[in-house]
Amino acid sequence: QVQLVESGGGLVQAGGSLRLSCAASGRISSIDAMAWYRQAPGKQREWVASITSGGTISYLDSVEGRFTISRDNAKNTVYLQMNSLKPEDTAVYLCTQYIEYLDYWGQGTQVTVYS
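Residues numbered from 1 in each chain as written. Predicted model: local features only at pLDDT ≥ 70, side-chain atom pairs only at ≥ 80, totals over all residues. Heavy atoms only, no water.

J.: When you look at unusual backbone geometry in this model, what are you seeing that I'm missing?
T.: Glycine aside, residues mostly have negative phi angles, and peptide bonds mostly take the trans form. In this structure, Ser 84 is a non-glycine residue whose phi angle is positive, near 50°. Take Ser 84: it is sitting in the loop between strand S8 (77–82) and strand S9 (91–99). Among the residues examined, Ser 84 registers a relative accessible area of 40% and is labelled partly exposed. A positive phi angle, close to 75°, is found at Tyr 101, a residue other than glycine. (Helix = DSSP H or I, 4+ residues; strand = E, 2+ residues; numbered from the N terminus. Buried < 20%, exposed > 50% of the residue type's maximum accessible area, 1.4 Å probe, protein only.)

Shown next as structure tokens:
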């Protein structure tokens, strides 16, 4: 059984930074793509960033230049460094990892940005 555990969310003032982590545990031989999504109250889930096993990275336009996604394959972990945070970044952030042909999701971590 594979599980993803996220951490690093919290309350931060606009302009501040947070670093999210998402670690996978269980019987894992390899992980393909890793990604972050977010869901704000009353809104649909939104893709934020992704990184493939080959290191190809993509970002949502509104976070490009402020957020950085990275991965540590030895630790089965994906990170999201979020800088210059804005109130509109407030949401529950969820990670997903594509492991052996299946998508796994974390439970989500709350990020709240106040002005």
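Let's pick the thread back up.
J.: Even after reading the chapter, I still don't get the sheet that holds strand S7 (residues 67–72), so can you show me in this structure?
T.: By definition, the strands of a sheet pair up through backbone hydrogen bonds, in either a parallel or an antiparallel sense. The strand order S1-S3-S8-S7 describes an open sheet built from 4 strands, whose pairing is antiparallel. Every other strand in the sheet has two partners, leaving strand S1 (3–7) and S7 as the edge strands with one partner each. Strand-to-strand twist across the sheet, computed as the mean angle between neighbouring axes with direction ignored, equals 15°. (Pairing = 2+ DSSP bridges. Axes fitted to C-alpha atoms, helices over the stretch in contact; angles between N-to-C directions.)

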